[in-house]
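# Examining the three-dimensional arrangement
What follows is the residue order along each chain.
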Amino acid sequence: MEIQKDDLEGITISSNNRAKGTARDIPDPLKRLVRQRCGYGCVICGLPLYEYEHMEGWAIVKRHLPEEITLLCDQHHKEKTNHWLPIEKVKYFNEHPINMSKKHTKPWEFHYYGFNAEVSMGSNTFKMDNLLEFTPVVLDGEPIIRITNENGNILIFFKFMSPEGKTLLHIENNEVIFSTENWDVEIIGKRLKIRKGLRKIILDITFSPPNKIDINHANITMRDSEFIISNIGMEYKGVRVGFRGCSWTNFPIGVAMGINLPEQAGCRLGF
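On a predicted model such as this, the values are computed, not experimentally measured, just so you know.

Here we take up the environment of Met234. Relative to the helices and strands, Met234 resides in strand 17 (residues 234–236). Along the sequence, Met234 and Ser123 sit 111 residues apart, while their C-alpha atoms lie 7.9 Å from each other.

Put into structure tokens, the structure is as follows:
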């Protein structure tokens, strides 16, 4: 991957154009370069729950160079630390990350359960008790996110696509995968962010098992417009329709907008 000037924003650059660390903490822009190169997951197994690993060992190199850092899941990180996993194999997969060959990350399963569910979209909340099936928002007949219950297991269905129609994130039956064509995917704690460029977040979700999801920000393309979720609320830009600070409880469908409006929605707006 060619490193651009903006990619290294915030990193101290030495005279030979390499990023040098003065502390053990890796600068955020450099972490992003490593994520992009490694395909947003462990280079060996592809799991998108990973740790940043200095392949030669931080105690030895005491510097942060993107080509010397890789992504390893907890298991493979421990195997390398305890010398069960040879560094030669780590370096091989660092050059040939499994996710980059598959074009997507390894499926990762969420742990949701119970009979009550809650979804927030910006400042709006949607709640369902005695959950069977729950769709907070439907746009043009298509659910943004759908939640069902199977014997006490809460199952999440969510597909996030680019304006060009490419699937960037897909959750089905609680298994999530990301496309390696994303410009950046970052997971910190329970929060997941997808960016399409520097400081351009297009999806920001906090997953809080066992039963809560917060969509903090999303840019969803619908027809010739955008449906935007932000900390302010929800807005369908094409027709200037928005919701702020609203709450829906025990509606199988909370809000339906656009065309093909289902009868059971708590709020129906056709245009």
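Next up on the list: the pairing of strand 13 (residues 191–197). Both strand 12 (residues 184–188) and strand 13 contribute to a ladder of five bridges, which runs antiparallel. Bridge pairing in strand 13 places Ile187 opposite Leu192. From the end of strand 12 to the start of strand 13, which pair antiparallel, there are two residues, and Gly189 there has a positive phi angle of about 60°. Strand direction decides the pairing type here: strand 13 and strand 14 (residues 200–208), joined by six bridges, are antiparallel. Paired with Lys193 across the strands is Asp204, a residue of strand 14. Where strand 13 hands over to strand 14, the hairpin turn is made up of two residues, of which Arg199 adopts a positive phi near 60°.

What follows deals with the packing of aromatic side chains. The geometry of an aromatic ring pair comes down to the distance between the two centres and the angle between the two planes. This model, assessed by the stated rule, comprises nine aromatic pairs. Measuring from centroid to centroid gives 4.8 Å for Phe126 and Trp248, while their planes differ by 5°, and the two rings are stacked. Of the two residues, Phe126 is situated in strand 5 (residues 124–128) and Trp248 in strand 19 (residues 247–249); the sequence distance between them amounts to 122 residues. On the accessibility criterion, Phe126 (1% relative accessible area) is buried. An aromatic cluster is defined as three or more aromatic residues linked by ring pairs; in this entry it consists of Trp108, Phe110, Tyr112 and Phe207.

Glancing now at the nonpolar core. Membership of the largest hydrophobic core comes to 48 residues, with the highest contact counts inside it found for Met121, Val137, Phe158, Leu169, Ile213 and Phe227. Element by element, the count of residues in this core is highest for strand 15 (residues 212–222), at five residues. Residue contacts for Val137: discarding those within four places in its chain leaves Met121, Phe126, Glu142, Pro143, Ile144, Phe227, Met234 and Val255. Of all hydrophobic cores here, the second largest spans 17 residues; its members include Met55, Cys73, Leu85 and Val90.

Here we take up the pattern of salt bridges. Across all of its chains, the model carries 13 salt bridges by this definition. Lys80 is paired through a salt bridge with Glu53; the nearest N and O atoms lie 2.7 Å apart. Linking Lys80 in helix 3 (residues 74–81) with Glu53 in strand 1 (residues 51–54), this pair joins segments that are 27 residues apart in sequence. With respect to class, Lys80 is no different from Glu53; both count as buried. We note a salt bridge from Arg195 to Glu186, for which the minimum N-O separation is 3.1 Å. Classification of Arg195 as buried rests on a relative accessible area of 15%. The exposure class assigned to Glu186 is buried, which follows from its relative accessible area of 13%. Via salt bridges that share partners, Arg35, Asp184, Glu186 and Arg195 belong to a single interconnected network.

Predicted confidence across the protein chain gives a mean pLDDT of 90, with 91% of residues reaching 70 or more. Summarising per-element confidence for the protein chain, the mean pLDDT is lowest in strand 18 (residues 241–243) (85) and highest in strand 2 (residues 69–72) (98). Residue range residues 12–22 is modelled with pLDDT below 50. Its contacts to residues more than four positions away, or to other chains, number 16 contacts.

We now examine the side chain of Asp214. Along the chain, the position of Asp214 falls in strand 15. Here the side chain of Asp214 touches Lys212 through a polar contact of 2.5 Å, side chain to side chain. Residues within four places of Asp214 in sequence aside, it is in contact with Ser120, Asp204, Ile205, Thr206 and Ser208.

Moving on to the pairing of strand 16 (residues 225–229). A large share of strand 16 lies buried, amounting to four of its five residues. Judged from the five bridges that link them, strand 15 and strand 16 form a sheet pairing that is antiparallel. Within the sheet, the bridge partner assigned to Ala218 lies in strand 16 and is Ile229. In this antiparallel pair of consecutive strands, strand 15 and strand 16, the connection spans two residues, and Arg223 shows a positive phi of 50°. As defined by bridge partners, strand 16 adjoins strand 17 across three bridges and the pair is classed as antiparallel.

Conventions adopted
Residues numbered from 1 in each chain as written. Predicted model: local features only at pLDDT ≥ 70, side-chain atom pairs only at ≥ 80, totals over all residues. Heavy atoms only, no water. Helix = DSSP H or I, 4+ residues; strand = E, 2+ residues; numbered from the N terminus. Pairing = 2+ DSSP bridges. Phe/Tyr/Trp six-rings, centres within 6.5 Å; stacked < 30°, edge-to-face > 60°. Buried < 20%, exposed > 50% of the residue type's maximum accessible area, 1.4 Å probe, protein only. Core = buried A, V, L, I, M, F, W, Y, C linked by side-chain atoms within 4.5 Å. Contact = heavy atoms within 4.5 Å. Salt bridge = Lys/Arg side-chain N within 4 Å of Asp/Glu carboxyl O. pLDDT = per-residue confidence, 0-100. Polar contact = N/O pair within 3.5 Å; in protein donor to acceptor, adjacent residues only side chain to side chain.

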